[in-house]
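Each chain, written out:
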Amino acid sequence: MKGMTRKALQMLFVFGVLAQPVTAEEPTTVESLLPVDLPPPGTDAAQSAADAAPASLPAPDTLPAFQTPPAAEAAAEPAASPAPDAVPVTHDAVPASPVPMGITPGTSSSITVAQMGQPNGVVLSGGQLQGGIDFTLSADQVITNAQLELNLKVSPAMAARNTTLQLMLNGQPLGTVPLGSADSNVSSYQLEIPAAMVVSRNNISFKINDGDALLCQRDLSDNYQVTIMPNTRLDLEAQQLNIGADLSHFPRPFLDEMQMTPTTLTFAFPAKTLPEQVGAAALIASWLGIEADYRGISFDALHDQLPEKNGILFGKPGESIGGLTLPASNGAMLQVVDNPANPIYKLLLVVGNNEQQLKSAAWRLTRGQFSGQTTSLPVEAQNIPVSKPYDAPRWIATDRPVLLSELMRKDQSLTVTGIWHEPLTLGFRAAPDLFMWDGDTIPLKVAYRFPSESWIDEQRSYLSMTFNGAFLRNLPVNKQGLLESLWHKLGGDARQENVEVPLEPYLIYGDNQLQLYFNIQTKETAPCSVLLNNNIKSRIDEDSSIDLSNTRHFTLLPNLSYFVGASFPFTRLADFSQTVLLLPENPSESEISTLLDLSARSGNATGTALNNNRVMFGLPSGGANLLRLSESDVLAVSTLDQTAFNRALLAQSPFISNEHTFGVREPRMLEKAQRLLEGDWNASGVDADRYFSSNESWRGFVSFRSQWNPERLVVMAIGSNDQQLSRLHNDLNSARINAGIRGDTAIITDENGVRSFRVGPQFPSGQMPWYMMVVWYATQHSAMLAIFGLLFATIIGLSLYSLLKKRAHKRLNPQDSDRE
């Protein structure tokens, strides 16, 4: 009877959800996101789902009743009666075996604790014996099955207690796992999770059941430790929802801000792809890179083929891509249509007759603010602004002190509560070419306040500061010094609440993190209850600041570490208004997708889309394209198969490319002599050439001075073939490989990772007055300075010797003077 009651309740719950009105605006629970065209699950399926719950989980009867909101964010839109402004799209050839309209495709995905924002896992120790993680999932899916693979590392002292770890999801108990001793350091558990408990926004929490008993063991608390490993994984199965063809949903379904895992998106082009179409794609890809942020995004490119799922198509009106004919139009247009292979998925059409129209359509798309139920939108010419040097919104300002409060995320606060808390982490990006003279430092002003409780041990409490993982300083509660200590003992106020910490310039990277942690220690006589006191507050004052206004923008190029870290020097003007994106005359799909990936990295690094980029196929022989090339830096993508393109591009560079081979050109005698005189003795061209010749499959980057303008730079992404080139995206997501890329040549192989070399000469680039350039040049070229000094001394010495010799002769032979 109880089983029948449970089954009946589940059926009533499902039918009650399906009966709710469906819109597309307001999300809460996944139950409210069930599609209206899905058939209700049968009783057998409901019973099997109930039976799948583990014994340690609460029975379905005891689960809380979920309330269904009156509207759901990602529910299916009615398919009947297209919008009045819709433009018909014809399908010349319907793909084979399309998915039936009434069936939504199932998807499988996983999300790890590291992807939830905890790259080091969750550590429960000391006074923090409970913790939690917030994570979000795509709102366009209904979770049908969920399983947690929990990996725990338990300290021996904790294992000896034979206690348990309690897990909760969204405030509801999931079950408990033992923390006893195991055969290995890491124990693994699998927990089935009722799918109805997993919603769009979730919190999973962990608590050691007898943790309160450990708090009073002050000296031993760090011995009791449990680590939820970063590879702890939540495996999910879901059904995709049909959100309807509506521009107002953009960037959904192509990119969902709720999804915490990397996204792969497909861009499709006509059989005869044009540079302006790739340029519009690069603009949108860079904007999506900004939106994806830390989650990451990659792109696939297709020629005359439709994406299997969601995708964005670029072309002229009337052109055909994979059997789908783009709508006729005299101007630029944006339109969303169902994917012919499966109407659950959507295709976004970016249509334009020329570069200006395509760029206007792409720019308008990134502006958003579309009215609801808009499936198609004609786009007028757009006034696209041009970037100024170093105006990237994600780069810290260098013309004024920047308050630490400006570096906070919206969910952060400069105030922390309680004794145990997470460190305050402030992240910021900086232009990689910041320069300061030796001995100069960057002032970091910190104003802070500790709680004024009598049970706090002020001698052992401090504010710990780290910058990019390097320890800076422990700031004490009270001022240090003999007089200050004496004054404090006499009852005077000796609190230290302001300090200036000098930062060495070499600590500043392209991506930086400042961590502040109030390490509060209690007196031995303090009662145990104060350890749980969450009423105390510690704070960093809002007038704390970091000041980079004394830095200059100046560096030596080429330097590939700047490129992989911040797409520099192209991001000097973040919209790429002085950059040419160069591809071979007939670029492959891998070459285009690599260019799109690099565009997304640039947008993510600066916060500015490539609104004014220019794409070229092959090297121009004259005209406006050649003029633009002579005024721009160049980002090129190629493979060894593009022999003619590579030869032309590398003609005046330190590199040489032949059919299926790549190497380093032997420098001329004059170049060798010049580099010797300049003290440039660290070039490793021979080593790089040998390494190129000893590897069959490789990919990487080379950089050199532009043959069209010696003040400009070329960076070339190249691979031995398309398969190798397509691996660059994963390479650049590896911290180890990123750290190893430097110099002007970086070669990556599967066997050896990355090896970097400096092959060609470097040249100065940036803002430096001429008189300071003289001093800088002297410090950089000590050998040449010594040679010039020796030559100067020799010339002066010989001149003085000749002059003094004549004077001595006149003094010793006065008769010669009388004769004259």
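Reading the values: rules and limits
- Residues numbered from 1 in each chain as written.
- Predicted model: local features only at pLDDT ≥ 70, side-chain atom pairs only at ≥ 80, totals over all residues.
- Heavy atoms only, no water.
- Helix = DSSP H or I, 4+ residues; strand = E, 2+ residues; numbered from the N terminus.
- Buried < 20%, exposed > 50% of the residue type's maximum accessible area, 1.4 Å probe, protein only.
- Contact = heavy atoms within 4.5 Å.
- Areas by Shrake-Rupley, 256 points an atom, 1.4 Å probe, with all protein chains shown as cover.
- Axes fitted to C-alpha atoms, helices over the stretch in contact; angles between N-to-C directions.
- Parallel < 35°, antiparallel > 145°, perpendicular 65-115°, else oblique.
- Left-handed = near helix turned anticlockwise from the far one by under 90°.
- Nonpolar A, V, L, I, M, F, W, Y, C, P; charged D, E, K, R; others polar.
- Phe/Tyr/Trp six-rings, centres within 6.5 Å; stacked < 30°, edge-to-face > 60°.
- Core = buried A, V, L, I, M, F, W, Y, C linked by side-chain atoms within 4.5 Å.
- Salt bridge = Lys/Arg side-chain N within 4 Å of Asp/Glu carboxyl O.
- Patch = residues over 30% accessible without salt bridge, like charges linked within 9 Å, V, L, I, M, F, W, Y side chains within 5 Å.
- Lys, Arg positive; Asp, Glu negative; His and termini not counted.
- Charge placed at Lys NZ, Arg CZ, Asp CG, Glu CD.
- pLDDT = per-residue confidence, 0-100.
- Polar contact = N/O pair within 3.5 Å; in protein donor to acceptor, adjacent residues only side chain to side chain.
- Pairing = 2+ DSSP bridges.
- Expected span 1.5 Å × (residues − 1).

> Tell me what's going on with the overall build of the chain, and back it up with residues and numbers.
The number of helices and strands found in the chain is 18 helices and 41 strands. Within the chain, the proportion of its 820 residues that are buried is 50%. Expressed as a percentage of contacts within the chain between residues at least 6 apart in sequence, the contacts between residues at least 24 apart total 78%. Carbon together with sulfur atoms contributes 52% to the accessible area of the chain, which is approximately 39,300 Å² in total.

> If you had to explain the packing of helix α4 (residues 275-292) against helix α8 (residues 589-606) to someone new, which residues and values would you point to?
Where α4 contacts α8, the axes come no closer than 7 Å and their chain directions differ by 45°. On the basis of their axis angle, the class for α4 and α8 is oblique. Two packed elements cross with a definite hand, and for α4 against α8 that hand is right-handed. Mapping the contact onto sequence places V278, A281, A282, A285, S286, G289 and I290 in α4 and I592, L595, L596, S599, A600, G603 and N604 in α8. In terms of residue class, the contact of α4 with α8 is built from 9 nonpolar, 5 polar and no charged.

> Give a description of the packing of aromatic side chains that names residues and reports values.
Counted under the stated rule, the structure contains 22 aromatic pairs. Taking 5.1 Å as the distance between ring centres and 85° as the angle between the ring planes, the aromatic pair formed by F554 and W776 counts as edge-to-face. Here F554 is found in strand β31 (residues 552-557), whereas its partner W776 is found in helix α16 (residues 770-780), with 222 residues between them in sequence. One exposure class covers both F554 and W776, and it is buried. Feature note: the residues F655, F662, F692, W698 and F704 constitute an aromatic cluster, connected by ring pairs.

> Any details on the nonpolar core? Residues and values, ideally.
A general tendency of soluble globular proteins is for nonpolar side chains to be buried together. Core analysis: the largest hydrophobic core is formed by 73 residues, its most contacted members being F267, L288, F701 and I741. With 10 residues, α4 is the single largest residue contributor to this core.

> Quick one: what's the story with unusual backbone geometry, residue by residue and with numbers?
P253 follows R252 through a cis peptide bond whose omega is 0°. Structurally, P253 is set in the loop between β11 (233-240) and β12 (263-269). Across the junction of F568 and P569, the peptide omega takes the value 15°, indicating a cis bond. Despite not being glycine, D293 has its phi angle at roughly 55°, a positive value.

> Talk me through the pattern of salt bridges; I want residue IDs and the actual numbers.
Under the criterion given, the structure shown has 17 salt bridges. Across the pair R233 and E149 runs a salt bridge, and its minimum N-O distance is 2.9 Å. With R233 in strand β11 and E149 in strand β5 (residues 141-154), this residue pair connects regions lying 84 residues apart in the sequence. For R233, a relative accessible area of 25% translates into the label partly exposed. Here E149 falls in the buried class, since its relative accessible area comes to 19%. For the salt bridge of R699 with D750, the shortest nitrogen-to-oxygen distance reads 2.9 Å. In this pair, R699 is assigned in strand β37 (residues 699-705) and D750 in the loop between β39 (745-749) and β40 (753-757), connecting sequence segments 51 residues apart. Taking relative accessible area as the criterion, R699 reaches 3% and is therefore assigned buried. The class for D750 is partly exposed, based on a relative accessible area of 46%. Where salt bridges share partners, they join R699, R727, D731 and D750 into one cluster.

> Please give an account of a positive patch on the surface that cites residues and values.
A surface patch of like charges, here positive, comprises K806, R807, K810 and R811. Relative to the helices and strands, K806 is located in helix α17 (residues 782-812).

> Could you give an account of the confidence of the model for the chain, naming the residues involved and the relevant values?
Taken over all residues, the pLDDT of the chain has a mean of 83, while the share at 70 or more is 83%. Low confidence marks residues 1-86, where pLDDT is under 50. Its contacts with residues over four positions away, or in another chain, come to 119 contacts. Here residues 93-102 is a poorly scored stretch, pLDDT under 50, and it has 12 contacts once near neighbours within four places are set aside; other chains count.

> Residue-level account of a nonpolar patch on the surface, with values.
A surface patch of nonpolar side chains, amounting to about 520 Å² of accessible area, comprises F792, I796, L800, L803 and L804. Position of L803 relative to the elements: it lies in helix α17.

> I'd love a proper account of the side chain of N559, names of residues and values included.
Structurally, the position occupied by N559 is in the loop between β31 and α7 (560-566). Of note is the side chain of N559, whose polar atom sits 2.5 Å from the side chain of S561.

> Summarise the sheet that holds strand β9 (residues 201-208); cite the residues concerned and give the values.
Here 4 strands make up an open sheet; going across it, the order is β4-β9-β6-β7 and the pairing antiparallel. Sheet topology places β4 (130-136) and β7 (172-178) at the edges, where each strand pairs with a single neighbour. Here the average twist between neighbouring strands, direction ignored, is 20°. Bridge count between β4 and β9: 7 bridges; the pairing is antiparallel. When the bridges of β9 are listed, I133 appears paired with I204.

> Could you give me a rundown of the pairing of β40, with the residues and numbers involved?
Where burial is concerned, most of β40 is hidden: 4 out of the 5 residues are buried. Where β39 and β40 come together, 5 bridges link them in antiparallel fashion. Bridge pairing in β40 places T749 opposite G753. In textbook terms, the turn of a hairpin is the stretch between consecutive antiparallel strands, and for β39 and β40 this stretch comprises 3 residues.

> Account for the environment of E380, with residues named and values stated.
Its place among the elements puts E380 in the loop between β19 (376-379) and β20 (401-403). E380 sits in the exposed class, given a relative accessible area of 65%. It is 7.3 Å that separates the C-alpha atoms of E380 and G331, two residues lying 49 residues apart in sequence.

> How would you sum up the sheet that holds β37? Please name residues and give values.
The strand order across the open sheet formed by 7 strands is β33-β32-β34-β38-β37-β39-β40, and the pairing between neighbours is mixed. Two strands bound the open sheet, and with one partner strand each, they are β33 (614-617) and β40. Averaged over all pairs of adjacent strands, the angle between strand axes in this sheet comes to 20°, irrespective of strand direction. Here strand β32 (residues 579-583) pairs with β33 via 4 bridges, running parallel. Bridge pairing in β33 links L582 to M616. Strand contacts of α4: β32 and β33, with the helix running at about 140° to β33, the strand carrying the most contacts.

> Give me the lowdown on the side chain of D457, citing residues and values where you can.
Mapped onto the fold, D457 is located in the loop between β24 (442-449) and β25 (462-467). Looking at D457, the relative accessible area reads 17%, which means it is buried. A polar contact of 3.2 Å, which involves the side chain of D457, links it to the backbone nitrogen of Q459. Each residue touching D457, except ones within four places of it in the same chain, is listed here: Q521, T522 and K523.

> Please provide a residue-by-residue account of α8, values included.
For α8, spanning 18 residues, the distance from its first C-alpha to its last is 26 Å, which sits close to the expected 26 Å at 1.5 Å a residue. With 16 of 18 residues buried, α8 lies mostly within the body of the structure. A positive phi of about 80° marks G607, the residue just after α8.

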